[in-house]
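What follows is each chain in one-letter form.
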Amino acid sequence: MKPDLFQAPDYYNLDELLTDEHKLVRDSAREWVKREVSPIIEDFAQRAEFPKQIIKGLADIGAFGPYIPEEYGGAGLDHISYGLIMQEIERGDSGVRSTASVQSSLVMYPIWKYGNEEQRRKYLPKLASGEFMGCFGLTEPNYGSDPGSMITNFKDMGDHYLLNGAKMWISNAPFADIAIVWAKNEEGRIHGLIVERGMPGFTTPETHNKWSLRASSTGELIFDNVKVPKENLLPNKSGLGAPLGCLDSARFGIAWGAIGAAMDCYDTALRYAKERIQFDKPIAGTQLQQKKLAEMITEITKAQLLTWRLGVLRNEGKATTAQISMAKRNNVDMAIHIAREARQMLGGMGITGEYSIMRHMMNLESVITYEGTHDIHLLITGMDITGIPAFK
């Protein structure tokens, strides 16, 4: 088991833009990842298993709802702190970051923003502590980039709702205690429902044979005449804008997380290039390898500046959906290119589990697709700057 020697690059002294609290939060997450994630993650990825033993640790470092107010069990931190935690966790593994992102932005966030006080008190403290784990049901087998066409629906049966349908590619589904499910009522209006494990007719079959996010637990949500109590409807927002608001928060976290994966690939490639001797000198002394490394650190630095500014805007309540989309698209694309270049620098060693690069590269193939594909985010920017939607 190799020691985690990661050193985070900060070429533009961006630490000077962070508060002492930001740095404390980040460094705590970084040390936890080095201690609890790095030593085990390759083994769990090889076995395609989520390491459930880290759930309490994720809660302890504030990874579950860090921006949720303390009265509901959250840490009451700002959005830059949330981003930094996601950066450090994804430096360890994108699948682990997915688990934290879903819990924070796609489960706790809608209960906090769209739920009532009773729902907040009932669910948020248990989600923040990791006693409850959650998942988010939006994507369907036939509707991914077009969630408004969903067919999952519920009917008012007087004293309860009757829910039918299916969701696919759902992180945390196989072990989640609750699911935030988006479905249409009889008028075709989208609402959020809190569905609890154990409700008759609700099943969560696991998705197998993934080549990406192997250390993340993925599954389906199946609803066969599930009786959902009326008090489980999220009352304070409906329509497609409700789940999309959750995705804004999640995409913000992804924009930061992707930097973590890129930094790990860069740091691994830099260290390897200094140690690997060919033709009587380290390969770091060759022009082609220096070109790769120089381009990597340039792109990481640009992404760091982009997300820091986005974090300031989100703290001020000014960050737009389109701005978040730009950062998600840019940073994941940046990370996947760095992973590919880093893999080449390591030659044959780059494909082995002795190094993290191939795992990051495979994971990022999912990250570049989920919560808005690379192309859909391009069209979001295009619509924002032209005023003309081009989705159809």
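- For the protein, the name recorded in an unreviewed UniProt entry is glutaryl-CoA dehydrogenase (ETF), with Flavobacterium soyangense as its organism.
- The record held by UniProt for the protein lists under Cofactor (unreviewed entry) the comment "FAD".
- Turning to the protein, the UniProt record has this under Sequence similarities (unreviewed entry): "Belongs to the acyl-CoA dehydrogenase family."

## Some words on the UniProt feature "domain: Acyl-CoA dehydrogenase/oxidase C-terminal" (unreviewed entry) in the protein
Right, so step 1: In the UniProt entry, the feature "domain: Acyl-CoA dehydrogenase/oxidase C-terminal" (unreviewed entry) is given for residues 238–383.
Right, so step 2: For residues 238–383, the end-to-end C-alpha separation is 23 Å, with 75% helix and 3% strand making up the annotated structure.

## A closer look at the environment of Glu341
Right, so step 1: Counting through the fold element by element, Glu341 comes out in helix α8 (residues 321–345).
Right, so step 2: Accessibility expressed as a relative area gives 26% for Glu341, which makes it partly exposed.
Right, so step 3: Taking the C-alpha atoms as reference points, Glu341 and Gly57, 284 residues apart in sequence, are found 32 Å from one another.
Right, so step 4: Ignoring sequence-local partners within four residues, the contact set of Glu341 consists of Lys292 and Met296.

## A closer look at the UniProt feature "domain: Acyl-CoA dehydrogenase/oxidase N-terminal" (unreviewed entry) in the protein
Right, so step 1: Per the UniProt annotation, the sites labelled "domain: Acyl-CoA dehydrogenase/oxidase N-terminal" (unreviewed entry) are residues 19–131.
Right, so step 2: Secondary structure over residues 19–131 splits into 73% helix and 0% strand, and the C-alpha atoms at its two ends are 31 Å apart.

## A few points about the side chain of Ser325
Right, so step 1: Structurally, Ser325 can be placed in helix α8.
Right, so step 2: Exposure remark for Ser325: the relative accessible area of 0% places this residue in the buried category.

## Topic: the packing of aromatic side chains
Right, so step 1: Tallied over the full model, the rule gives 13 aromatic pairs.
Right, so step 2: With a centroid separation of 6.1 Å and an interplanar angle of 35 degrees, the aromatic rings of Tyr67 and Trp112 are classed as tilted. Residue Tyr67 is found in the loop between α2 (55–60) and α3 (79–92), and its partner Trp112 is found in helix α4 (residues 94–114); the two are separated by 45 residues along the sequence.
Right, so step 3: Given a relative accessible area of 5%, Tyr67 falls into the buried group.
Right, so step 4: Members of the aromatic cluster, connected to one another through ring pairs, are Tyr67, Tyr82, Tyr109, Trp112, Tyr114, Phe136, Trp182, Phe252 and Trp256.
Right, so step 5: Residue placement shows Arg47 over the ring face of Phe44; its charged tip is 4.4 Å from the ring centre.
Right, so step 6: Of note, Lys113 hangs over the ring of Trp112, and the distance from its end group to the ring centre comes to 4.8 Å.

## A word on the pairing of strand β4 (residues 178–184)
Right, so step 1: Counted residue by residue, β4 has seven buried out of seven residues, so it is predominantly covered.
Right, so step 2: Both faces of β4 are covered, namely the face carrying Ile178, Ile180, Trp182 and Lys184 and the face carrying Ala179, Val181 and Ala183.
Right, so step 3: Bridge count for strand β1 (residues 134–137) against β4 is four bridges, and the pairing is parallel. Within the sheet, the bridge partner assigned to Cys135 lies in β4 and is Ala179.
Right, so step 4: The pairing of β4 with strand β5 (residues 190–196) spans seven bridges and is antiparallel. Looking across to β5, one finds that Ile178 is bridged to Glu196.
Right, so step 5: Hairpin geometry of β4 and β5 is characterised by an intervening segment of five residues between the two adjacent antiparallel strands and by a positive phi of about 85 degrees at Gly188.

Criteria and cut-off values
- Residues numbered from 1 in each chain as written.
- Predicted model: local features only at pLDDT ≥ 70, side-chain atom pairs only at ≥ 80, totals over all residues.
- Heavy atoms only, no water.
- UniProt positions renumbered as here; feature names shortened; annotations may be inferred.
- Helix = DSSP H or I, 4+ residues; strand = E, 2+ residues; numbered from the N terminus.
- Buried < 20%, exposed > 50% of the residue type's maximum accessible area, 1.4 Å probe, protein only.
- Contact = heavy atoms within 4.5 Å.
- Phe/Tyr/Trp six-rings, centres within 6.5 Å; stacked < 30°, edge-to-face > 60°.
- Lys NZ or Arg CZ within 6 Å of the ring centre and 35° of its normal.
- Pairing = 2+ DSSP bridges.

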